[in-house]
Amino acid sequence: MADKLNFSISKEPYWLLEAMACMNYVEWLDSDEWLNKSSGQVRRIKEEFLLPYRSYRGEMRARLKPVLEQYPMLMNYVDNSPRKQVSLRTFNPPMITFLEMMQHVLEAEELPDEKELEMELNHAFERILDNEIIKKTDAGKTSIQNIQDVMAALENLDREDADKFKLLRLYSERREVIEQLWSFKGACTEIGRSCLVLVRERFDACMEKLQEPGNLESFLAKLGFQLQFGQEYSCRLTPAVMQCNEVMVHEDEIASGADDSGSITRSIRFGIEVFQAYEMRYSDMLNDDRLLDRLKALGDSTRLKIMHNLVECPSYLQELSKKLKLTPATVLHHLGILMSEGLIEIQMTGEKKRVYYQVNKQGLQEVSNGIMQLAMTRQERETQKIEQHMKEMQQNQGDGQWTI
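Everything quoted here is computed from the prediction, not taken from an experiment.

## Overview of the overall build of the chain
- Of the regular secondary structure elements, the chain holds 21 helices and 8 strands.
- Buried residues in the chain amount to 46% of all 404 residues.
- Considering only intrachain contacts with a sequence separation of at least 6, the fraction spanning at least 24 residues in the chain is 74%.
- Approximately 21000 Å² of the chain is accessible, and the part contributed by carbon and sulfur atoms is 50%.

## Section: the packing of aromatic side chains
- Going through the model one piece at a time under the given rule, you end up with 5 aromatic pairs.
- Ring centres of Tyr71 and Phe184 lie 5.5 Å apart, and the angle between their planes is 55°; this geometry places the pair in the tilted category. Pair noted here: Tyr71 is in the loop between helix H4 (40-68) and helix H5 (72-75) and Phe184 is in helix H11 (residues 174-195), with a separation of 113 residues, a long-range link. Pair check on accessibility: Tyr71 and Phe184 agree, each one buried.
- Taking the centre distance of 5.0 Å and the plane angle of 85° together, the rings of Phe125 and Tyr171 count as edge-to-face. A residue pair is termed long-range when its members are at least 10 positions apart, and Phe125 in helix H8 (residues 114-133) and Tyr171 in helix H10 (residues 161-172) qualify at 46 residues.

## Looking at the environment of Val241
- Relative to the elements of secondary structure, Val241 occurs in the loop between strand S2 (233-240) and strand S3 (246-250).
- Judged by its relative accessible area of 0%, Val241 falls in the buried class.
- Between the C-alpha atoms of Val241 and Tyr53, which are 188 residues apart in sequence, the distance is 8.1 Å.
- If we ignore the near neighbours within four places in the chain, the residues touching Val241 are Pro13, Glu18, Tyr53, Tyr56, Leu196, Val199 and Ile272.

## A short note on the pattern of salt bridges
- Counting across every chain of the model gives 9 salt bridges.
- Put simply, Arg193 and Glu12 hold a salt bridge, and the shortest N to O gap is 2.9 Å. Residue Arg193 is found in helix H11, and its partner Glu12 is found in the loop between strand S1 (5-9) and helix H1 (15-23); the two are separated by 181 residues along the sequence.
- Accessibility expressed as a relative area gives 48% for Arg193, which makes it partly exposed.
- Where Glu366 meets Arg294, a salt bridge forms, and the shortest distance between an N and an O atom there is 2.9 Å. Separated by 72 residues along the polypeptide, Glu366 in helix H20 (residues 361-373) and Arg294 in helix H16 (residues 288-298) bring together distant segments of the chain.

## Considerations on the pairing of strand S7 (residues 355-359)
- In terms of residue burial, S7 counts as a mostly covered element, since 4 of its 5 residues are buried.
- Pairing between strand S5 (residues 315-316) and S7: 2 bridges, direction antiparallel. For Tyr316, the partnering residue across the bridge sits in S7 and is Tyr356.

## Looking at the side chain of Glu18
- Along the chain, Glu18 turns up in helix H1.
- Buried Glu18, no salt bridge; nearest opposite-charge side chain is Arg269, N-O distance 7.4 Å.
- A polar atom in the side chain of Glu18 sits 3.4 Å from the backbone nitrogen of Met242.
- For Glu18, the contacting residues outside a window of four places in its chain are Pro13, Tyr56, Met60, Ala240, Val241 and Met242.

## Topic: the nonpolar core
- Core analysis: the largest hydrophobic core is formed by 72 residues, its most contacted members being Met95, Phe98 and Phe184.
- Top element by residues in this core is H1. It accounts for 8 residues.
- In this structure, Met95 is in contact with Met20, Leu74, Tyr77, Leu170, Val177 and Leu181, ignoring residues within four places of it in sequence.
- Core analysis: the next-biggest nonpolar cluster, separate from the first, contains 17 residues, Leu298, Met307, Leu310 and Tyr357 among them.

About the thresholds
Along each chain, residues carry numbers from 1 onward, in the same order as the chain's sequence is written. Given that the model is predicted, a residue must reach a pLDDT of at least 70 before its local features are reported, and side-chain atom pairs must reach 80 or more before they are shown or counted; all residues, however, enter totals for whole chains, interfaces and linings. Heavy atoms throughout the structure, all of them, feed into the side-chain values; hydrogens and water do not. The secondary structure listing takes helices from DSSP runs of H or I that are at least 4 residues long and strands from runs of E that are at least 2 residues long, numbered from the N terminus. Using a 1.4 Å probe on the protein chains alone, a residue whose accessible area is under 20% of its type maximum counts as buried, one over 50% counts as exposed, and one in between counts as partly exposed. Here a residue-residue contact requires only that any non-hydrogen atoms of the pair lie within 4.5 Å. With residues, only the protein chains shown are counted as cover, and all accessible areas are computed by Shrake-Rupley using a 1.4 Å probe. Between rings of Phe, Tyr and Trp, where Trp is taken as its six-membered ring, a pair exists when centres lie within 6.5 Å; planes separated by under 30 degrees are stacked, by over 60 edge-to-face, and by other angles tilted. Any carboxyl oxygen of Asp or Glu that lies within 4 Å of a side-chain nitrogen of Lys or Arg is treated as forming a salt bridge with it. Two strands are counted as paired when DSSP detects at least two bridges linking them. Positive charge is attributed to Lys and Arg, negative charge to Asp and Glu, and no charge count is given to His or to the chain ends. N or O atoms closer than or at 3.5 Å make up a polar contact, with two conditions inside protein: a donor-capable atom paired with an acceptor-capable one, and, for residues adjacent in sequence, both atoms drawn from side chains. Among the buried residues, those of types Ala, Val, Leu, Ile, Met, Phe, Trp, Tyr and Cys that are joined through side-chain atoms within 4.5 Å form a nonpolar core.

So this is what it looks like as structure tokens:
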């Protein structure tokens, strides 16, 4: 166990990251697909959840765009193109990742000297590429000294060519980009502070939770973040609006964060909805109305047959219709009910652009958990919550960030 834990909490978000996150495409704000997966009361709850974030982002974009246009190099790294099955929760554009790694430099009172800045930039790219490559290959740690090293590392990177090109371009322009970001951050801060009022209630609720004695350590432990580093270290926490339901822990600050006394600084960005998301995720298991709706959806012989078929193999509508000897319209009606309760999901294929239906195993697991909860005491439920979350977070170790 660490000898001493020192937590410091920023009073406001990391505005450069917030600005670029607002300017980039965000699936759950720019697309109605997330809303369309639900209907009725669930959809209304989602719409109410989205409203302040859409207002915040819309105002940020409107005010940031004319300022950002004065920095054409930065505009090259704004990505407004929709991407299938990705969002800021699962994919970060190159500029977002770069800003994450350079936070301690860009939020300092002044830029380091030329030699130190070059070391920081190279180290940032080592961490960017390691986070992407190591979890997919057996390659060792990446060492970046020049653009040839970046080109060699990109060969092992599993991303689209356009993303690789942006990373390569970002490295070649790294000094100019840093200078423009440094100049841009004043306007980001001013605009961000004025727009924060649109999510003020949620922001204040998060900050209040963060500052309750022992709350943070307990919560991180529930997420599987074991505070065992064997020496004194400090954690700097920064609230995040656009990454509102994530806890992002950068453990790779060890190399650059150690000072002469041997202390270590780690950067943690805390989404302003993360406490509520955690509580909602598990309280939903005890939501009798939610459980009853799902059981009603499964309480039909035709829908059970559909589930049995989809467990064996994802199928498109006409296939299910033939297997069940029912009209496509009848099958589609039952599929809609199962989808509205999150028990099945769809996937698109490039081949003939067919829509395949498949079982949402997580949805079924939640039904199973809800039934099992009926046989548990409150203490047993709390123990199960912690054990399950620990298991999930252990599976995600090494990814550089954790999402709940």
